[in-house]
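Each chain is listed here by its residues.
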Amino acid sequence: MPETAVLPRGAVVGPFSGPRAAWGEHLERAAERYGTAVNWELYDDRGEVETARQIAGAVVAEGRHALVVGHFNSAGAAAALPVYRAAGLPVLLPLATTPGLLADGAGTLLRWCPDDRAQAVDLLGAVRDAGHTRVAVTHDGSAYGERLALLVRDAPTAPRPALPSGAVVSDGSGPATGAVPVPAVLTGEAAGVAVLDGPGDVAALSALTALVVCGTHVGAARVGREWRAAGFRGAFWFTDDCAVDEFADLLGDPAAGGASVARMRGGPEAHVDAAFAAATAALSEDPERTGRTLLAAVRAHADRGFTALGEPEPGSVGWDFVPVPTVTGAAAPPPIRTAGRHGRAYDVIVVGAGVVGSATASALARHGARVALVAPMDGRQDHATAWSGGLVRSFEADPYLRGLALRSHHLAWGPAALAPGPYGFMTTGSLVLCGDADLEQAEKGVAELNGAGVPAELLDPGVLGSRFPGLSVDGVTAAVWEPEAGYADPPRTARVYRDRALAHGARLLPARVRELDAPPGADRVRVLLEPGGPVEARAVVLAAGGGTGEIGGHRLSGAGAGRTKSIRYGFFHHPATAGLPTVVDMVSGVWGRPQLSGEAAGGYMAGRPVDEWDVVPGGEPTLTDAHVAYIREGAAARWPWLADPATRFLGGRQGVDLYTPHSRPHLGRERSDSRIVLATGWSGAGFKTAPAAAELAATEALDVLAGP
């Protein structure tokens, strides 16, 4: 299909799954609203610090994003910002509220929201204005909640009359083990602010008229329920993480005292929208802008002013305090929402971002599924796509693989689908050399290819020898010739499919999958990640290649997946390679193709099977002298020029693929009632069949979603 005009790219980083996902919805919606002029690519940091740091490194390493919007989580932002700053990549922070985040920003940051120090001051002022004279502060036990509680404790009161009783901070453990009474010494206007470490007298809860609860919205709701159950009847005041729709359900009925929540003035969605609007306007005006020039344009298009440091100008932002809706009859919180276009669980998680996984994610996202593409973003290239030779043809001796290859030709590799060549496809023609045992399938295959509109013919050894003098035909009975076949660029192809997935709303989730937990009859799969915690999906597509067996919890765990095997090939230069096409030799097992551009251009790639099994997935961009000698020795029988000392070695690569006992892939549901779809075990044939394999895997996953 023809590619559309290339739009500028922006990275959007936030919690799109996990317990903070309700906040990520603001970023998701804005990315959709402003997605016609900028390709906003979503990275799911799940509110986790280490994941945020990994994403920052990956975004910078890719070097193709004009700016970053996010992170939501301030701790994650603090870990990621130095990485962006070192690269000069502008960052817009619409929701990160920790004070001091911009101190070392070097002019690369803009914050769109008020910070937590202002929240603490305004919150205590609102509590006072509501007439409360006995106030306690507690938190949910998280580092975020404790930090915010200390800001409330230390909030300056100079702008307002002093609180009659001051504020005290509990240890965050809740009334069951650490109730916080207001001691008599804190009853006067001149009293200081105290931090109580030990448990207090639960009976003294009646002395409190208001309790400020700091923390995440899930944690704060839990603390509120615990305090209410212990007998607290005053008013709750919750900090801003609780300003999400689901908080009222999580909290339950706040009872007589009621509950209020801090909210960014105008609502958090307004700040997110304003950041996206300004960034989109700046990039639409000049898509080539980068760095400080781009940030200056964002300032010019913004609906508010900023200080030289990048903070919003005083008075342009602030905090409101709104009631938490009462949930009638909610004695206990209902189950957390997991379905819908936005929410905690994904429709489908695709494990593996090689060409099969990326193409599957693209197909699913195009059908409207909420998709996460899960793969490490640590710089390691341990998937087979990174090291594939990229050979593309429609003929395979195995009828099943031939069907996949033919379908892939129509989906991606055929001339009509290739225009204008997004995959780096090069037409070289392809020969598959056959022995006596292969002749029957060769004849059938040629008929099938021509019947499907793919030109092919069967050549005898005499024609081969005269047409391709650089090729020895010893032992060859016939060859299948496809003039429109050739090779493509595997990493580029995977990237194109990944970009299509992201353009249709898929999220990138940087992690390694350690286990799939899918109990029989369950309506979702629990995916255990490293780093980070579990994430859920209604279906999982396992396209992890050589890493399939290392992932627990599915039918192919351990040895069931097959065996990993090393693959090696080198690039060589010799005048006799002129005019040679792509070659796959079913007689000796060697393969090769010309290298028409890029690294080793003008050379010819030659590969020879190696008997190295059960190797660790990965790859290397080099070969040893012994590796090169092994290729020369074995492949010279088919390409005699390899034995010529004048043949120059230009470079080589080695990778790993997953081989199955039957040489056919694991493709389809692992069991008829399973929510896990397999798309792995390609035995060296995965690249050329990937478009069709992804189509089938996506169809299987959509069937899972359509089922009960």
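Residues numbered from 1 in each chain as written. Predicted model: local features only at pLDDT ≥ 70, side-chain atom pairs only at ≥ 80, totals over all residues. Heavy atoms only, no water.

Student: What should I look at first to understand the overall build of the protein in this one?
Tutor: The number of helices and strands found in the protein is 18 helices and 31 strands. Counting contacts in the protein only where the partners sit at least 6 residues apart, residues at least 24 apart contribute 73% of the total. (Helix = DSSP H or I, 4+ residues; strand = E, 2+ residues; numbered from the N terminus. Contact = heavy atoms within 4.5 Å.)

Student: I would appreciate a short explanation of the environment of Ser388 in the present structure.
Tutor: Within the secondary structure layout, Ser388 lies in the loop between β14 (371-375) and β15 (391-392). For the pair Ser388 and Ala685, spaced 297 residues apart in the sequence, the C-alpha separation amounts to 9.8 Å. Residue contacts for Ser388: discarding those within four places in its chain leaves Pro490, Tyr569 and Phe687. Among the polar contacts made by the side chain of Ser388, one reaches the main-chain amide nitrogen of Gly390 at a distance of 3.0 Å. (Polar contact = N/O pair within 3.5 Å; in protein donor to acceptor, adjacent residues only side chain to side chain.)

Student: Honestly, the packing of aromatic side chains in this entry has me stumped. Any pointers?
Tutor: The geometry of an aromatic ring pair comes down to the distance between the two centres and the angle between the two planes. Within this structure, the stated rule accounts for 19 aromatic pairs. With a centroid separation of 4.8 Å and an interplanar angle of 70°, the aromatic rings of Trp40 and Phe276 are classed as edge-to-face. Of this pair, Trp40 sits in strand β2 (residues 39-44) while Phe276 sits in helix α9 (residues 268-285); the two residues are 236 residues apart in sequence, bridging distant segments of the chain. Consider the rings of Trp639 and Trp641, whose centres lie 6.4 Å apart with planes at 40°: the pair is tilted. (Phe/Tyr/Trp six-rings, centres within 6.5 Å; stacked < 30°, edge-to-face > 60°.)

Student: Would you mind showing me how to read the sheet that holds strand β20 (residues 486-487) here?
Tutor: Note: strands within a sheet are paired through backbone hydrogen bonds, in either parallel or antiparallel orientation. Read from one edge of the open sheet, three strands run β15-β20-β16, paired in antiparallel fashion. Edge positions in the open sheet fall to β15 and β16 (426-427), since each of these has one partner strand only. (Pairing = 2+ DSSP bridges.)

Student: Got a minute to help me understand the environment of Gly145 in this structure?
Tutor: Along the polypeptide, Gly145 turns up in helix α5 (residues 143-153). Relative accessible area serves as the criterion here: at 0%, Gly145 is assigned to the buried category. In this structure, the C-alpha to C-alpha distance between Gly145 and Asp241, residues 96 residues apart in sequence, is 9.7 Å. Contacts of Gly145, omitting those with residues within four sequence positions, involve His139, Asp140, Cys214 and Gly215. (Buried < 20%, exposed > 50% of the residue type's maximum accessible area, 1.4 Å probe, protein only.)

Student: Looking at this structure, how should I read empty space enclosed by the protein?
Tutor: To locate leftover empty space, one rolls a probe as large as a water molecule over the atoms. Applying the stated criterion to the full structure yields two cavities of 30 Å³ or more. Empty space within the second largest cavity amounts to approximately 60 Å³. Together, Val392, Arg393, Ser394, His409, Trp413, Phe425, Val454, Glu482, Glu484 and Ala485 line the second largest cavity. Classifying every residue of the lining of the second largest cavity gives five nonpolar, two polar and three charged. (1 Å grid on protein atoms, 1.4 Å probe; cavity = no way out; pocket = protein on both sides within 12 Å on 5 of 7 lines; lining within 4 Å. Points joined across faces, edges and corners; volume = space filled by probe spheres on them. Nonpolar A, V, L, I, M, F, W, Y, C, P; charged D, E, K, R; others polar.)

Student: Would you take a moment to explain the nonpolar core for this structure?
Tutor: Membership of the largest hydrophobic core comes to 80 residues, with the highest contact counts inside it found for Trp40, Trp112, Phe238, Phe276 and Ile349. The dominant element in this core, judged by the number of residues it contributes, is α9, at eight residues. Ranked by size, the runner-up nonpolar core spans 64 residues in total, among them Tyr43, Tyr84, Val355 and Ala543. (Core = buried A, V, L, I, M, F, W, Y, C linked by side-chain atoms within 4.5 Å.)

Student: Explain the packing of helix α1 (residues 21-33) against α9 to me, please; I cannot follow it from the model alone.
Tutor: The axes of two packed helices give the description: the angle between them and the distance between them. Contact geometry of α1 with α9 gives a least axis separation of 9 Å together with a crossing angle of 40°. Crossing of α1 against α9: the hand is right-handed. The residues of α9 that touch α1, namely those facing Trp23, His26, Leu27, Arg29, Ala30, Ala31 and Arg33, are Pro268, Glu269, Val272, Asp273 and Phe276. (Axes fitted to C-alpha atoms, helices over the stretch in contact; angles between N-to-C directions. Left-handed = near helix turned anticlockwise from the far one by under 90°.)

Student: Mind showing me how you'd approach the side chain of Arg675 here?
Tutor: Its location among the elements puts Arg675 in the loop between β30 (666-669) and β31 (676-680). Among buried Asp, Glu, Lys and Arg side chains, Arg675 stands out as unpaired, with Asp523 the closest opposite charge at 6.1 Å. Only 3.0 Å separates the side chain of Arg675 from the backbone oxygen of Ala522, close enough to count as a polar contact. (Lys, Arg positive; Asp, Glu negative; His and termini not counted. Salt bridge = Lys/Arg side-chain N within 4 Å of Asp/Glu carboxyl O.)

Student: I would appreciate a short explanation of the sheet that holds strand β25 (residues 563-573) in the present structure.
Tutor: The eight strands lie next to each other as β18-β19-β17-β26-β27-β28-β25-β29, forming an open sheet whose pairing is mixed. Sheet topology places β18 (457-459) and β29 (648-659) at the edges, where each strand pairs with a single neighbour. The average angle at which neighbouring strand axes cross in this sheet is 20°, direction not considered. Seen against the sheet, helix α14 (residues 439-451) touches β17 (430-434), β18 and β19 (478-482) and runs at an angle of roughly 145° to β18. Along the sheet face, helix α17 (residues 625-635) touches β25, β28 (604-607) and β29 and points at about 80° away from the line of β25.

Student: Sorry if this is basic, but what is going on with the confidence of the model for the protein here?
Tutor: Of the residues in the protein, 88% have a pLDDT of 70 or more, and the chain-wide mean is 87. Ignoring residues within four places in sequence, the model shows residues 158-202, a span with pLDDT below 50, making 93 contacts including any to other chains. (pLDDT = per-residue confidence, 0-100.)

Student: Which parts of the structure should I look at to understand the environment of Glu311?
Tutor: Relative to the assigned elements, Glu311 resides in the loop between α10 (291-301) and β12 (319-323). The buried category is assigned to Glu311, whose relative accessible area is 17%. Along the backbone, Glu311 and Leu110 are 201 residues apart, and their C-alpha atoms lie at a distance of 6.2 Å. Discounting residues that sit within four places of it in the chain, Glu311 has contacts with Leu102, Arg111, Gly305 and Phe306. Within polar-contact distance, the side chain of Glu311 engages the side chain of Arg111 at 2.9 Å.

Student: It is not clear to me how helix α12 (residues 399-413) should be interpreted in this structure. Could you clarify?
Tutor: Turning to α12, its buried residues number three or more, namely Leu401, Arg402, Leu404, Ala405, Leu406, Ser408, His409, Ala412 and Trp413. You can read the cap of α12 off the contacts: a side-chain oxygen lies 2.8 Å from the backbone nitrogen of Tyr400, and it is on Asp398.

Student: Help me understand the pattern of salt bridges, please; the structure alone is not making it clear to me.
Tutor: A pair can form between side chains of opposite charge whenever their charged atoms are brought close. Applying the stated criterion to the full structure yields 40 salt bridges. With a shortest N-O distance of 3.6 Å, Glu226 and Arg222 are connected by a salt bridge. Of this pair, Glu226 and Arg222 both sit in helix α7 (residues 217-229), four residues apart, roughly one helical turn. Residue classification places Glu226 among the partly exposed positions, given a relative accessible area of 33%. In this structure, Arg653 and Glu599 form a salt bridge, with 3.7 Å as the shortest nitrogen-oxygen distance. One end of the pair, Arg653, is in strand β29; the other, Glu599, is in the loop between β27 (591-594) and β28, and 54 residues separate them in sequence.

Student: Can you help me understand the pairing of β14 in this one?
Tutor: Regular strands show a simple pattern: their side chains alternate between the two faces of the sheet. Judged by how many residues are buried, β14 sits mostly within the fold: five of five residues are covered. Side-chain alternation along β14 places Val371, Leu373 and Ala375 on one buried face and Ala372 and Val374 on a second face that is also buried. As paired strands, strand β13 (residues 346-351) and β14 are joined by four bridges and run parallel to one another. Bridge pairing in β14 places Val350 opposite Leu373. Of the pairings in the sheet, the one linking β14 to strand β21 (residues 507-510) comprises four bridges and is parallel in character. Residue pairing in the sheet places Ala372 in a bridge with Arg507 of β21.

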